[in-house]
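# Fold and geometry: a report
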Amino acid sequence: MNLLALAWKNLAYKPLTALLSVLLFALSIGLISLLLNLREQADEQFDNNLADIDLVVGAKGSPLELTLNSMYHVGYATGNVSLGQVKAFFNPQHPIVADAIPLSLGDNYGGYRIVGTIPKILDWYGAQVATGAAWKEDFSVTIGAEVASKLHLDVGSTFRSTHGILDEGEDNIEHDDEFKVVGVLAPSGTVLDQLILTTNQTYWHTHEDHGPEPTTPAQDTSALADHDHDHEHDHDHEHNHDHDHDHAGHDHSQIGSLLEEGAEKEITSVLVRYKNASSFQALSFPRNINENTELLAANPAYEISEVRRQFDSGQRILGILVLAITFVSALSIFIALFSSLRERRYELALLRVMGASRPKLFGLIILEGLTVAVLGYVLGLLLSHGILYLVAANIEDDFRYQLDPLRFLAAEGWLLLGALGIGFVAAVLPAIQAARTDIGEVLTSDV
Amino acid sequence: MLETTDLAYRYPGGESLTFPNLRCAPGATHLLLGKSGSGKTTLLQLLAGLRSPSHGKVVVNGTELGKLSTAALDQFRGQNIGMVFQTAHFVRSVNVEENLVLAQRLAGKTTDRRRIRELLDVLGLGEKLRSLPARLSVGQQQRAAIARAVINQPALMLADEPTSALDDDNASQVLGLLQQQAAAVNATLIIVTHDNRLTGIIDQRTHL
């Protein structure tokens, strides 16, 4: 029977009191761990998906929306731009732009977004094709690892896309054309894991109107997320049916083939990398675009830092809450120990009579505090990772934000030290009190 | 073996008490009698090393308590002095056996469960080995307290009003067990009491 065993027995003797302290402590540790994990993993997602992209160019609107939609694939598009407007970005001779990637957005399959683009995007995000190949032809798709596993698709599978960027269940408006999976990507930890990639031209086939004249940008593809538009749209497709698709044969994997199309054809946005991001021209480039053209240029690093700022202020409020809970839980340990001293004064005096020194009594009470802290810590981590596990699925659908509930952070190791520190501080006054127990006064009474 | 010489104690208030010298042989029983306020509990605390005398010395089993450091005194007390109180106290969260194990471990001795079992059998508590102290009757608790006091085979046993909370039957049983157990380990037994039932039985007395 050592001190630790005795400390444990003492806690177990009043299980409800101990349980309350442990639960409060677990709540505090759990919240801290949850915040740390969400923060850490969010930061990582943001960083992984920056892909050295210096600029996002799209239709006028909110720069944050444009960034979120084009880079993180959440939220709604700002509208569309015509090829003619953005052609300059694809010019290899451009003084500022080193490289650019066109994006066409607006449809989904099974809740996963279909992105019209060129295979160069794989290099930008550092993604690899695991099986099959990258898409080349219209209606051929290469899908992210996550899409493949969740929707049970593999090379050779076919599906019909759904209009709109969200899966709307029964209300889905399906496009008639069949997509064919030609490749599956290896997991890259980027948003590509959750995308279905195809050619830009594919979008024109699924959304093209009857007749050659371009629709006004505000309509058709630009109103991808516009509900009121859907029925009219559906209607279009029936008319559209006789349109001759070039499903096979043409290689649309290079930017050249896209630029050969008419200048009035539309895409959603362009991702841009600079030759020299710190050059003077590059720094004033976004403002030039925003002031002098009908385009919107957004600096993703800046927009994301804005998002982070919002995140931070939210976290600060939660932080205060966590601090309050931590304080209350420390207080509960303190009160539980202190009130138990009153009941146990004979017992503590007895321990001294049996040969326990004052430091031993001090140690006993400290150990009781630390035991509560460690139990609370373990329970708290189970709690936070349990919550992460439960919300991971939801978060992924809503925010394209992958959470790994089984990942433990180094900070959670430090959290153990913090927990032990709090347990110690909460127990130190009762422990001093216990060590001061006057055996004579307590046990022998002058009758 | 217990010997005191010129013991005096000064209370924090300034009041001073002096005590007669004691000299008790191993295995002997000695009563300390006195009225309330006569300082008999203070003397008991001095004998147990729970208080330091302002003058004089206490020698237990050849060791002068005043010469020991605080930690050494705690250890010495656990090994050489067994105490029984008017009300039996235990570590409430562990059973009778574990209470005795604690007494062994805190005194710096190794756990000897056979000795515990035998001792509890002798005291008629063999069945209560695994019971929490609170589940025992008052008489049983006092017997368990005696077990704890003698478990480490002390040189000195101090009993503070061990019988005054008990009825006649239990009182004589407890006294008998105290003497018997003290004799079994050849310990000096000092009983502080005002219980007249004991004065008739034990003839070695000191009046304070």
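Residues numbered from 1 in each chain as written. Chains lettered and ligands numbered in written order. Predicted model: local features only at pLDDT ≥ 70, side-chain atom pairs only at ≥ 80, totals over all residues. Heavy atoms only, no water.

### Focus: the overall build of chain B
Short version of the rule: Working definition: helices are DSSP H or I runs of at least four residues, strands are E runs of at least two. Numbering for both runs from the N terminus. Radius of gyration here uses only the C-alpha atoms, and the compact-globule reference equals 2.2 Å multiplied by the residue count raised to the power 0.38. Partly exposed residues are those whose accessible area sits between 20% and 50% of the maximum for their type, while under 20% is buried and over 50% is exposed, using a 1.4 Å probe and protein chains only. Pairs of residues are marked as contacts when any of their non-hydrogen atoms sit within 4.5 Å. We get accessible surface area from the Shrake-Rupley algorithm with a probe of 1.4 Å; when it comes to residues, only the shown protein chains can shield them. For the purpose of counting charges, residues Lys and Arg are taken to be positive, whereas Asp and Glu are taken to be negative. His and the chain ends are not included. Positions of charges follow a simple convention, taking NZ of Lys, CZ of Arg, CG of Asp or CD of Glu.
Looking only at helices and strands, chain B has seven helices and ten strands in total. Against the 2.2 N^0.38 benchmark of 17 Å for 208 residues, chain B shows a C-alpha radius of gyration of 17 Å, consistent with a compact globule. Along the longest, intermediate and shortest principal axes, the C-alpha atoms of chain B span 50 × 40 × 30 Å. Within chain B, the proportion of its 208 residues that are buried is 57%. Excluding contacts between residues fewer than 6 apart, the proportion of contacts in chain B whose partners are at least 24 apart in sequence is 71%. For chain B, the accessible area works out to roughly 8700 Å², and carbon and sulfur atoms hold 44% of it. Charge centroids of chain B, computed over 22 positive and 18 negative side chains, lie 5 Å from each other.

### Points about the overall build of chain A
A count of helices and strands for chain A gives 15 helices and twelve strands. The contacts of chain A with a sequence gap of at least 6 include a subset with a gap of at least 24, amounting to 81%. When the accessible surface of chain A is totalled, it reaches about 20300 Å², and 59% of it is carbon and sulfur.

### A short note on empty space enclosed by the protein
Threshold: Any residue with an atom within 4 Å of a point lines the site, the site being either a cavity, points on a 1 Å grid over the protein atoms alone where a 1.4 Å probe fits but cannot get out, or a pocket, an open set with protein on both sides within 12 Å along at least 5 of 7 lines. Grid points are joined across faces, edges and corners, and a volume is the space filled by probe spheres set on the points. Side-chain classes follow a simple rule in which Ala, Val, Leu, Ile, Met, Phe, Trp, Tyr, Cys and Pro form the nonpolar group, Asp, Glu, Lys and Arg form the charged group, and the remainder, Gly included, forms the polar group.
Following the criterion strictly, the structure yields three cavities of 30 Å³ or more and no others. Computed from the structure, the largest cavity encloses a volume of approximately 120 Å³. As for the largest cavity, its lining consists of 16 residues, of which Met354(A), Ile81(B), Gly82(B), Arg148(B) and Ala149(B) are closest to the centre. Every element with two or more residues in the lining of the largest cavity is listed here: α12 (345–353) of chain A together with α2 (70–80), β7 (81–84) and α5 (138–150) of chain B. Residues that form the lining of the largest cavity fall into these classes: nine nonpolar, five polar and two charged.

### Some thoughts on the interface of chain A and chain B
We count it as follows: Each of two parts loses accessible area, computed with a 1.4 Å probe, when they are put together; buried area is these two losses added. A pair is scored as a salt bridge if a Lys or Arg side-chain nitrogen falls within 4 Å of a carboxyl oxygen belonging to Asp or Glu. Here a polar contact means two N or O atoms within 3.5 Å. Within protein one must be a hydrogen donor candidate and the other an acceptor candidate, and residues neighboring in sequence count only if both atoms are side-chain atoms.
If you look at the interface, chain A gives 30 residues, while chain B gives 33 residues. The contact between chain A and chain B buries some 2900 Å² in all, and 60% of this surface belongs to carbon and sulfur atoms. Here chain A is connected to chain B by three salt bridges. Where chain A packs against chain B, one counts five residue pairs in polar contact (both at pLDDT 80 or more).

### Here's the deal with the sheet that holds strand β9 (residues 188–193) of chain B
All names here are of chain B. Rules: DSSP-based pairing: two strands are paired if at least 2 bridges between them are found. Note on geometry: axes are C-alpha line fits, over the in-contact stretch for helices, and angles between N-to-C directions span 0 to 180 degrees.
Spatially, five strands are ordered β7-β8-β9-β4-β10 in an open sheet, and the strand pairing comes out parallel. Pairing within the sheet leaves two strands with one partner each, and these edge strands are β7 and β10 (205–207). Direction aside, neighbouring strands of the sheet carry axes that sit 15° apart on average. Against the sheet, α2 contacts β7 and β8 (156–160), and its axis sits at roughly 70° relative to β7.

### Overview of the UniProt feature "domain: ABC transporter" (unreviewed entry) in chain B
Counted only if it meets this: UniProt positions are given in the numbering used here, feature names are shortened, and annotations may be inferred rather than shown by experiment.
Here the UniProt feature "domain: ABC transporter" (unreviewed entry) sits at residues 2–206 of chain B. Secondary structure content for residues 2–206 of chain B is 36% helix and 21% strand, while the C-alpha to C-alpha distance between its ends is 14 Å.

### A short note on a nonpolar patch on the surface
Residue and element names in this part refer to chain A. To be explicit about the condition: Residues with no salt bridge and a relative accessible area higher than 30% make up the patches, which join like charges within 9 Å and nonpolar side chains (Val, Leu, Ile, Met, Phe, Trp, Tyr) within 5 Å.
Residues Leu16, Leu19, Leu23, Val374, Val378, Leu379 and Leu382 make up a contiguous nonpolar surface patch of about 640 Å² in total accessible area. Residue assignment for the nonpolar patch shows that the elements contributing at least two residues are α2 (15–48) and α13 (358–399). Looking at which element gives the most residues to the nonpolar patch, the answer is α13, with four residues. Take Leu23: it is sitting in helix α2.

### Some thoughts on the packing of helix α11 (residues 300–343) of chain A against helix α14 (residues 410–435) of chain A
All names here are of chain A. Inclusion rule: Should an angle lie under 35 degrees it is considered roughly parallel, over 145 roughly antiparallel, and from 65 to 115 roughly perpendicular; all remaining angles are considered oblique. Handedness of a helix crossing follows the sense of rotation of the near helix relative to the far helix, less than a right angle counterclockwise being left-handed and clockwise being right-handed.
Two numbers describe how α11 lies on α14: the axes approach to 9 Å, and their chain directions differ by 20°. As the angle between them shows, α11 and α14 are arranged roughly parallel. Relative to α14, the crossing made by α11 is right-handed. Of the residues in α14, those touching α11 at Thr326, Ala330, Ile333, Phe334, Leu337, Phe338 and Leu341 are Ile422, Ala426, Ala427, Leu429, Pro430, Gln433 and Ala434. For the contact of α11 with α14, a count of residues per class yields twelve nonpolar, two polar and no charged.

### Brief notes about the environment of Lys14(A)
Note on placement: Lys14(A) falls in the loop between α1 (3–13) and α2. Taking the C-alpha atoms as reference points, Lys14(A) and Phe179(A), separated by 165 residues in sequence, lie 65 Å from one another. Leave out the neighbours within four places in its chain, and Lys14(A) touches Glu343(A) and Arg92(B).

### Some words on the pattern of salt bridges
A complete count under the given rule lists 21 salt bridges over all chains for this structure. Where Arg197(B) meets Asp195(B), a salt bridge forms, and the shortest distance between an N and an O atom there is 3.0 Å.

### What about the layout of surface pockets?
Over the atoms, a rolling probe the size of a water molecule traces out where space has been left empty. One number sums up the size of the second largest pocket: a volume of about 330 Å³. Looking at the second largest pocket, it is lined by 23 residues, and the ones nearest its centre are Gly49(B), Leu50(B), Arg51(B), Ser52(B) and Leu73(B). For the lining of the second largest pocket, the elements supplying multiple residues, two or more each, are α15 (439–443) of chain A together with β5 (55–60) and α2 of chain B. Among the elements that line the lining of the second largest pocket, the one with the most residues is α2(B), at four residues.

### Comments concerning the nonpolar core
To be explicit about the condition: By nonpolar core we mean a set of buried residues, namely Ala, Val, Leu, Ile, Met, Phe, Trp, Tyr and Cys, connected to one another through side-chain atoms within 4.5 Å.
Ranked by size, the top nonpolar core spans 103 residues in total, and within it Leu351(A), Leu2(B), Leu47(B), Met83(B) and Leu158(B) carry the most contacts. Counting residues per element, this core draws most heavily on α13(A), at eight residues. Leave out the neighbours within four places in its chain, and Leu158(B) touches Leu44(B), Leu47(B), Ala48(B), Ile81(B), Gly82(B), Met83(B), Val84(B) and Ile190(B). Judged by nonpolar contacts, the second largest core, of 53 residues, contains Ala59(A), Trp124(A), Ala282(A) and Leu295(A).

### A closer look at the side chain of Arg77(B)
Structurally, the position occupied by Arg77(B) is in helix α2. Setting aside residues no more than four positions away along its own chain, Arg77(B) makes contact with Arg352(A), Val353(A), Ile439(A), Ala48(B), Gly49(B) and Leu50(B).

### Focus on the pairing of strand β3 (residues 97–109) of chain A
Residues and elements named next belong to chain A. Among the 13 residues of β3, ten are classified as buried, and the element is accordingly described as predominantly covered. Note that β3 and strand β11 (residues 269–274) share six bridges and pair antiparallel. By the bridge assignment for β11, Ile101 is matched with Leu271. Of the strand pairs in this sheet, β3 and strand β4 (residues 112–116) are connected by four bridges, and their pairing is antiparallel. Considered in β4, the bridge of Asp107 is made with Ile114. Connecting β3 to the next strand, β4, in antiparallel fashion are two residues, including Gly110 with a positive phi near 60°. Note that β3 and strand β7 (residues 158–163) share two bridges and pair antiparallel.

### So, α11(A)
Note the following rule: Here, expected helix span is obtained from the residue count minus one, scaled by 1.5 Å.
The terminal C-alpha atoms of α11(A) lie 63 Å apart, and with 44 residues this matches the ideal 64 Å at 1.5 Å per residue to within 8%. One side-chain oxygen of the residue at the start of α11(A) lies 3.1 Å from the amide nitrogen of Ala301(A), identifying that residue as Asn299(A).

### Observations regarding the packing of aromatic side chains
Residues and elements named next belong to chain A. The line we're drawing: Ring pairs shown here join Phe, Tyr and Trp side chains whose ring centres sit within 6.5 Å, with only the six-membered ring taken for Trp; geometry is labelled stacked below 30 degrees between planes, edge-to-face above 60, and tilted in between.
All chains considered together, the criterion is met by seven aromatic pairs over all chains. With a centroid separation of 5.3 Å and 55° between ring planes, the pair formed by Phe139 and Phe179 is classed as tilted. Linking Phe139 in the loop between β5 (129–132) and β6 (140–143) with Phe179 in strand β8 (residues 174–185), this pair joins segments that are 40 residues apart in sequence. You can call Phe179 buried: its relative accessible area is 2%. Joined through ring pairs, the aromatic side chains of Tyr109, Phe139, Phe159 and Phe179 make up one cluster.

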